[in-house]
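Here are the chains, one letter per residue:
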Amino acid sequence: MKFKPLSSGFGVETSDVDISRPLGDDAFAELEREFFQAQLLVLRGQSLTAAQYVAFARRFGPPEPHVIDQFHHPEDSDILILSNRSKNGQPLGLADAGSYFHTDYSYLQVPARATMLCSLEVPRVGGNTLFADQYAAYDGLPDAMKRRIAPLVAIHHYGNRKVADEMSRTAASPLTDEQKAKMPLITHPIVRPHPVTGRKALYAVSGSSYGIVGMAENEALALLDELAAHATQPKYLHSYPYLPDDVVIWDNASLLHSATLTDPDDPRTLWRITIKEPSTKLDALEVLAPTFASPAM
Ligand SMILES: [Fe+2]
(Lines give C-alpha, C1' and ligand atoms only; values in the text may rest on other atoms or scores of the structure.)
Protein backbone atom coordinates (compact mmCIF):
# COMPACT_ATOMS: atom_id res chain seq x y z
CA MET A 1 0.00 0.00 0.00
CA LYS A 2 1.18 3.47 -0.83
CA PHE A 3 0.25 6.29 1.56
CA LYS A 4 0.34 9.91 0.47
CA PRO A 5 0.72 12.60 3.13
CA LEU A 6 -2.11 15.11 3.45
CA SER A 7 -1.18 18.77 3.29
CA SER A 8 -0.40 19.14 6.98
CA GLY A 9 1.98 17.79 9.59
CA PHE A 10 -0.16 14.69 10.01
CA GLY A 11 -2.57 12.48 8.06
CA VAL A 12 -2.22 10.22 5.03
CA GLU A 13 -4.48 8.96 2.25
CA THR A 14 -4.45 5.82 0.14
CA SER A 15 -6.46 4.39 -2.74
CA ASP A 16 -4.68 1.03 -2.52
CA VAL A 17 -7.09 -0.80 -0.25
CA ASP A 18 -10.62 -2.16 -0.68
CA ILE A 19 -12.17 -2.66 2.76
CA SER A 20 -15.37 -4.22 1.41
CA ARG A 21 -13.46 -7.52 1.53
CA PRO A 22 -11.70 -8.90 4.61
CA LEU A 23 -8.07 -7.78 4.82
CA GLY A 24 -5.41 -10.34 5.65
CA ASP A 25 -3.71 -9.97 9.02
CA ASP A 26 -0.51 -8.56 7.49
CA ALA A 27 -2.40 -6.01 5.40
CA PHE A 28 -4.47 -4.89 8.38
CA ALA A 29 -1.37 -4.65 10.58
CA GLU A 30 0.22 -2.36 8.00
CA LEU A 31 -2.89 -0.19 7.89
CA GLU A 32 -3.14 -0.03 11.68
CA ARG A 33 0.54 0.89 12.03
CA GLU A 34 0.10 3.67 9.49
CA PHE A 35 -3.01 4.88 11.33
CA PHE A 36 -1.30 5.28 14.70
CA GLN A 37 1.71 6.92 13.07
CA ALA A 38 -0.28 9.33 10.88
CA GLN A 39 -3.19 9.97 13.34
CA LEU A 40 -5.58 10.52 10.41
CA LEU A 41 -6.10 7.92 7.71
CA VAL A 42 -8.17 8.46 4.56
CA LEU A 43 -9.22 5.46 2.47
CA ARG A 44 -10.48 6.59 -0.93
CA GLY A 45 -13.09 5.04 -3.17
CA GLN A 46 -14.86 2.73 -0.71
CA SER A 47 -18.31 1.35 -1.55
CA LEU A 48 -19.66 -0.44 1.50
CA THR A 49 -22.71 -2.11 2.93
CA ALA A 50 -23.43 -1.54 6.61
CA ALA A 51 -22.21 -5.06 7.41
CA GLN A 52 -18.94 -4.62 5.48
CA TYR A 53 -18.27 -1.29 7.18
CA VAL A 54 -18.84 -2.64 10.69
CA ALA A 55 -16.75 -5.74 9.98
CA PHE A 56 -13.82 -3.51 8.98
CA ALA A 57 -14.28 -1.22 12.00
CA ARG A 58 -14.19 -4.17 14.40
CA ARG A 59 -10.61 -4.87 13.36
CA PHE A 60 -9.62 -1.69 15.26
CA GLY A 61 -11.50 -2.58 18.45
CA PRO A 62 -15.00 -2.79 19.88
CA PRO A 63 -17.53 -0.32 18.43
CA GLU A 64 -19.58 1.61 21.00
CA PRO A 65 -23.04 2.70 19.82
CA HIS A 66 -23.71 6.42 20.36
CA VAL A 67 -25.96 7.51 23.23
CA ILE A 68 -28.18 9.23 20.62
CA ASP A 69 -29.94 6.04 19.62
CA GLN A 70 -32.73 7.53 17.49
CA PHE A 71 -30.35 7.74 14.50
CA HIS A 72 -28.69 4.36 14.70
CA HIS A 73 -28.54 2.60 11.33
CA PRO A 74 -31.52 0.23 11.02
CA GLU A 75 -29.25 -2.68 10.04
CA ASP A 76 -26.59 -2.14 12.72
CA SER A 77 -26.69 0.08 15.81
CA ASP A 78 -22.91 0.46 15.69
CA ILE A 79 -23.46 2.95 12.86
CA LEU A 80 -24.77 6.44 13.65
CA ILE A 81 -26.30 8.22 10.64
CA LEU A 82 -25.18 11.84 10.28
CA SER A 83 -27.42 13.59 7.79
CA ASN A 84 -29.35 16.79 7.20
CA ARG A 85 -31.89 14.99 5.00
CA SER A 86 -35.46 14.43 6.10
CA LYS A 87 -38.40 12.37 4.89
CA ASN A 88 -42.04 13.25 5.56
CA GLY A 89 -40.83 15.97 7.92
CA GLN A 90 -38.76 13.55 9.99
CA PRO A 91 -34.95 13.89 10.11
CA LEU A 92 -33.11 10.88 8.68
CA GLY A 93 -29.97 11.48 10.71
CA LEU A 94 -28.21 13.63 13.24
CA ALA A 95 -27.44 17.06 11.74
CA ASP A 96 -24.77 19.52 12.95
CA ALA A 97 -23.03 16.98 15.19
CA GLY A 98 -19.89 18.14 16.97
CA SER A 99 -19.29 21.53 15.38
CA TYR A 100 -16.83 22.57 18.12
CA PHE A 101 -13.42 21.17 19.03
CA HIS A 102 -13.73 18.01 21.10
CA THR A 103 -12.59 14.42 21.46
CA ASP A 104 -15.16 11.67 20.92
CA TYR A 105 -16.44 9.92 24.04
CA SER A 106 -14.14 11.86 26.39
CA TYR A 107 -17.27 11.99 28.56
CA LEU A 108 -17.10 8.20 28.99
CA GLN A 109 -14.86 6.23 31.31
CA VAL A 110 -13.45 4.28 28.37
CA PRO A 111 -13.17 6.89 25.62
CA ALA A 112 -12.92 6.47 21.87
CA ARG A 113 -9.78 5.10 20.27
CA ALA A 114 -10.86 5.86 16.72
CA THR A 115 -13.80 7.39 14.92
CA MET A 116 -14.58 6.58 11.31
CA LEU A 117 -16.80 8.41 8.87
CA CYS A 118 -17.90 6.99 5.55
CA SER A 119 -19.10 9.76 3.22
CA LEU A 120 -22.16 8.78 1.19
CA GLU A 121 -22.92 12.25 -0.14
CA VAL A 122 -20.95 15.44 0.30
CA PRO A 123 -22.37 18.98 0.27
CA ARG A 124 -21.69 21.24 -2.70
CA VAL A 125 -19.98 23.70 -0.34
CA GLY A 126 -17.98 23.08 2.82
CA GLY A 127 -18.55 20.28 5.28
CA ASN A 128 -14.86 19.91 6.15
CA THR A 129 -13.76 18.39 9.44
CA LEU A 130 -11.04 20.31 11.28
CA PHE A 131 -8.39 18.31 13.13
CA ALA A 132 -5.91 19.65 15.70
CA ASP A 133 -2.73 17.72 16.51
CA GLN A 134 -2.51 17.35 20.29
CA TYR A 135 0.94 15.73 20.28
CA ALA A 136 2.30 18.89 18.65
CA ALA A 137 0.18 21.11 20.90
CA TYR A 138 1.64 19.45 24.00
CA ASP A 139 5.17 19.63 22.62
CA GLY A 140 4.62 23.33 21.89
CA LEU A 141 3.75 24.29 25.47
CA PRO A 142 6.28 26.24 27.54
CA ASP A 143 8.09 24.02 30.07
CA ALA A 144 6.49 25.88 32.99
CA MET A 145 3.01 25.04 31.66
CA LYS A 146 4.01 21.40 31.11
CA ARG A 147 5.07 21.21 34.77
CA ARG A 148 1.87 22.94 35.94
CA ILE A 149 -0.51 20.62 34.14
CA ALA A 150 1.44 17.37 34.59
CA PRO A 151 -0.50 16.28 37.70
CA LEU A 152 -3.89 17.74 36.74
CA VAL A 153 -7.02 15.71 36.10
CA ALA A 154 -9.99 17.21 34.25
CA ILE A 155 -13.66 16.58 34.96
CA HIS A 156 -15.74 15.68 31.92
CA HIS A 157 -19.35 15.21 31.03
CA TYR A 158 -21.36 15.18 27.82
CA GLY A 159 -21.56 18.63 26.26
CA ASN A 160 -19.70 21.65 24.96
CA ARG A 161 -18.60 23.87 27.84
CA LYS A 162 -18.54 26.97 25.60
CA VAL A 163 -22.22 26.79 24.62
CA ALA A 164 -24.92 26.62 27.30
CA ASP A 165 -27.90 26.76 24.90
CA GLU A 166 -28.40 23.13 23.94
CA MET A 167 -30.50 24.09 20.89
CA SER A 168 -27.61 26.06 19.35
CA ARG A 169 -26.11 24.50 16.19
CA THR A 170 -22.72 24.58 17.96
CA ALA A 171 -23.91 22.90 21.16
CA ALA A 172 -23.51 19.19 21.69
CA SER A 173 -26.45 17.33 20.17
CA PRO A 174 -29.32 17.44 22.69
CA LEU A 175 -30.05 14.34 24.75
CA THR A 176 -33.39 13.14 26.03
CA ASP A 177 -33.82 13.06 29.85
CA GLU A 178 -33.34 9.30 29.71
CA GLN A 179 -30.09 9.67 27.74
CA LYS A 180 -28.84 12.39 30.13
CA ALA A 181 -29.43 10.09 33.06
CA LYS A 182 -26.90 7.64 31.59
CA MET A 183 -24.11 10.27 31.54
CA PRO A 184 -21.99 10.36 34.72
CA LEU A 185 -19.10 12.65 35.57
CA ILE A 186 -15.79 11.22 34.42
CA THR A 187 -12.19 12.27 34.92
CA HIS A 188 -9.21 12.04 32.57
CA PRO A 189 -5.65 13.39 32.94
CA ILE A 190 -5.05 16.62 30.99
CA VAL A 191 -1.72 15.26 29.79
CA ARG A 192 -2.58 11.79 28.65
CA PRO A 193 0.03 9.37 27.34
CA HIS A 194 -1.31 7.79 24.16
CA PRO A 195 -2.50 4.26 25.03
CA VAL A 196 -0.72 2.77 22.00
CA THR A 197 2.25 5.00 21.21
CA GLY A 198 2.92 6.22 24.76
CA ARG A 199 3.58 9.72 23.45
CA LYS A 200 2.18 12.57 25.58
CA ALA A 201 -0.76 14.54 24.19
CA LEU A 202 -3.10 17.20 25.51
CA TYR A 203 -6.39 15.43 26.06
CA ALA A 204 -9.85 16.95 25.46
CA VAL A 205 -9.00 20.43 26.72
CA SER A 206 -12.04 21.72 24.82
CA GLY A 207 -15.46 20.17 24.44
CA SER A 208 -16.45 17.96 27.35
CA SER A 209 -13.99 19.24 30.03
CA TYR A 210 -15.86 21.34 32.61
CA GLY A 211 -13.47 21.53 35.55
CA ILE A 212 -10.25 20.31 37.17
CA VAL A 213 -10.19 18.10 40.26
CA GLY A 214 -9.23 20.14 43.36
CA MET A 215 -9.23 23.51 41.59
CA ALA A 216 -11.71 26.39 41.94
CA GLU A 217 -14.10 26.51 39.01
CA ASN A 218 -13.10 29.95 37.69
CA GLU A 219 -9.38 29.07 37.83
CA ALA A 220 -10.01 25.71 36.18
CA LEU A 221 -12.10 27.15 33.34
CA ALA A 222 -9.51 29.88 32.71
CA LEU A 223 -6.77 27.25 32.46
CA LEU A 224 -8.83 24.97 30.20
CA ASP A 225 -9.68 27.94 27.96
CA GLU A 226 -6.00 28.92 27.78
CA LEU A 227 -5.03 25.37 26.84
CA ALA A 228 -7.84 25.09 24.28
CA ALA A 229 -6.79 28.36 22.62
CA HIS A 230 -3.23 27.08 22.45
CA ALA A 231 -4.26 23.64 21.19
CA THR A 232 -6.36 24.89 18.28
CA GLN A 233 -3.95 27.42 16.78
CA PRO A 234 -3.81 27.28 12.97
CA LYS A 235 -0.31 25.76 13.04
CA TYR A 236 -1.73 22.58 14.62
CA LEU A 237 -4.75 22.25 12.28
CA HIS A 238 -5.70 20.32 9.19
CA SER A 239 -9.00 20.96 7.39
CA TYR A 240 -10.20 17.85 5.61
CA PRO A 241 -12.62 18.19 2.62
CA TYR A 242 -14.58 14.98 1.98
CA LEU A 243 -15.02 13.29 -1.34
CA PRO A 244 -17.86 10.80 -1.90
CA ASP A 245 -16.86 7.24 -0.88
CA ASP A 246 -14.14 8.32 1.54
CA VAL A 247 -13.63 6.41 4.74
CA VAL A 248 -11.86 8.74 7.17
CA ILE A 249 -10.45 7.35 10.43
CA TRP A 250 -8.96 9.50 13.18
CA ASP A 251 -7.07 8.90 16.39
CA ASN A 252 -9.05 10.46 19.24
CA ALA A 253 -6.21 10.14 21.75
CA SER A 254 -3.98 12.51 19.77
CA LEU A 255 -6.40 14.77 17.86
CA LEU A 256 -9.15 17.20 18.64
CA HIS A 257 -11.69 17.60 15.86
CA SER A 258 -14.56 19.87 14.91
CA ALA A 259 -17.25 19.55 12.26
CA THR A 260 -18.06 22.70 10.29
CA LEU A 261 -21.59 23.91 9.73
CA THR A 262 -23.09 23.54 6.26
CA ASP A 263 -26.20 24.88 4.52
CA PRO A 264 -29.09 22.78 5.90
CA ASP A 265 -30.51 22.58 2.35
CA ASP A 266 -27.25 21.25 0.86
CA PRO A 267 -27.55 17.47 1.41
CA ARG A 268 -24.84 15.51 3.17
CA THR A 269 -24.85 12.04 4.66
CA LEU A 270 -22.12 10.20 6.54
CA TRP A 271 -22.06 6.96 8.49
CA ARG A 272 -20.12 7.12 11.73
CA ILE A 273 -18.65 4.30 13.78
CA THR A 274 -16.86 4.98 17.06
CA ILE A 275 -14.34 2.46 18.39
CA LYS A 276 -13.64 2.29 22.12
CA GLU A 277 -10.19 2.00 23.58
CA PRO A 278 -9.44 -1.32 25.18
CA SER A 279 -9.36 -0.85 28.99
CA THR A 280 -5.95 0.33 30.17
CA LYS A 281 -4.29 1.23 33.42
CA LEU A 282 -5.31 4.84 32.66
CA ASP A 283 -8.79 3.83 33.72
CA ALA A 284 -7.58 3.73 37.31
CA LEU A 285 -7.52 7.54 37.19
CA GLU A 286 -11.07 7.77 35.93
CA VAL A 287 -13.29 8.10 38.95
CA LEU A 288 -16.41 10.09 39.65
CA ALA A 289 -15.85 13.55 41.05
CA PRO A 290 -18.64 13.77 43.66
CA THR A 291 -18.08 17.40 44.66
CA PHE A 292 -18.51 18.75 41.15
CA ALA A 293 -22.05 19.98 40.49
CA SER A 294 -23.24 19.10 37.00
CA PRO A 295 -24.45 22.18 35.10
CA ALA A 296 -27.59 21.92 33.01
CA MET A 297 -26.98 20.18 29.71
FE1 LIG B 1 -16.91 14.16 17.18
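Rules and cut-offs
- Residues numbered from 1 in each chain as written.
- Predicted model: local features only at pLDDT ≥ 70, side-chain atom pairs only at ≥ 80, totals over all residues.
- Heavy atoms only, no water.
- 1 Å grid on protein atoms, 1.4 Å probe; cavity = no way out; pocket = protein on both sides within 12 Å on 5 of 7 lines; lining within 4 Å.
- Points joined across faces, edges and corners; volume = space filled by probe spheres on them.
- Helix = DSSP H or I, 4+ residues; strand = E, 2+ residues; numbered from the N terminus.
- Nonpolar A, V, L, I, M, F, W, Y, C, P; charged D, E, K, R; others polar.
- Pairing = 2+ DSSP bridges.
- Axes fitted to C-alpha atoms, helices over the stretch in contact; angles between N-to-C directions.
- Buried < 20%, exposed > 50% of the residue type's maximum accessible area, 1.4 Å probe, protein only.
- Arc of directions from axis to C-beta.
- Salt bridge = Lys/Arg side-chain N within 4 Å of Asp/Glu carboxyl O.
- pLDDT = per-residue confidence, 0-100.
- Contact = heavy atoms within 4.5 Å.

Below, the discussion takes up empty space enclosed by the protein. Under the counting rule described, the total for this entry stands at one cavity of 30 Å³ or more. Size it by volume and the largest cavity reaches roughly 30 Å³. Among the secondary structure elements, those contributing two or more residues to the lining of the largest cavity are strand 5 (76-83) and strand 18 (269-276). The element contributing the most residues to the lining of the largest cavity is strand 5, with four residues. Partitioning the lining of the largest cavity into residue classes produces five nonpolar, three polar and three charged.

Taken as a whole, the largest pocket encloses approximately 590 Å³ of empty space. Within the residue set of the lining of the largest pocket, elements represented by two or more residues are strand 5, strand 8 (112-121), strand 17 (255-259) and strand 18. Looking at the lining of the largest pocket, the element that brings in the most residues is strand 17, giving three residues. Of the residues that constitute the lining of the largest pocket, the class distribution is 16 nonpolar, 19 polar and five charged.

The next thing to look at is the sheet that holds strand 10 (residues 153-156). Strand order across the open sheet formed by three strands is 11-10-14, with antiparallel pairing between neighbours. Strands at the two margins of the open sheet, each flanked by one partner only, are strand 11 (186-189) and strand 14 (209-212). Along the sheet, successive strands turn relative to each other by an average axial angle of 35 degrees, direction set aside. In terms of strand pairing, strand 10 meets strand 11 through four bridges, oriented antiparallel. The residue bridging Ile155 from the neighbouring strand is Thr187, located in strand 11.

All right, on to the pairing of strand 5 then. Counting buried residues along strand 5, seven of its eight residues qualify, which places the element largely inside the surrounding structure. One ladder, built from two bridges, connects strand 4 (residues 72-73) with strand 5; its direction is antiparallel. The residue of strand 5 that forms the bridge with His73 is Asp76.

Turning our attention to helix 2 (residues 50-57). Within helix 2 the residues assigned to the buried category are Ala50, Tyr53, Val54, Phe56 and Ala57. Mapping the buried residues of helix 2 onto a view down its axis gives an arc of 160 degrees, with all of them on the same face.

Backbone geometry at Tyr105 places phi at a positive 60 degrees, although glycine is not the residue there. Among the structural elements, Tyr105 can be located in the loop between strand 7 (90-91) and strand 8. One non-glycine residue, Ala204, lies in positive phi territory at about 50 degrees. By secondary structure assignment, the location of Ala204 is in the loop between strand 13 (200-202) and strand 14.

The next subject is the pattern of salt bridges. On inspection of all chains with the given rule, the structure shows 14 salt bridges. Linking Asp18 and Arg21 is a salt bridge whose minimum nitrogen-to-oxygen distance equals 3.5 Å. Taking relative accessible area as the criterion, Asp18 reaches 33% and is therefore assigned partly exposed. For Arg21, a relative accessible area of 56% translates into the label exposed. Two residues, Asp78 and Arg58, come together in a salt bridge whose shortest N-O distance is 3.0 Å. Of the two residues, Asp78 sits in strand 5 while Arg58 sits in the loop between helix 2 and strand 4, which places them 20 residues apart along the sequence. In this structure Asp78 comes out as buried when scored by relative accessible area, which is 9%.

Confidence in the prediction of the chain, expressed as mean pLDDT, is 90, and 94% of residues score 70 or more. Counting contacts from residues 281-297, a segment whose pLDDT is below 50, to residues more than four positions away or on other chains yields 33 contacts.

Another point: the environment of Arg59. One can find Arg59 in the loop between helix 2 and strand 4. Here the alpha-carbon distance between Arg59 and Asp25, two residues 34 residues apart in the chain, equals 9.6 Å.

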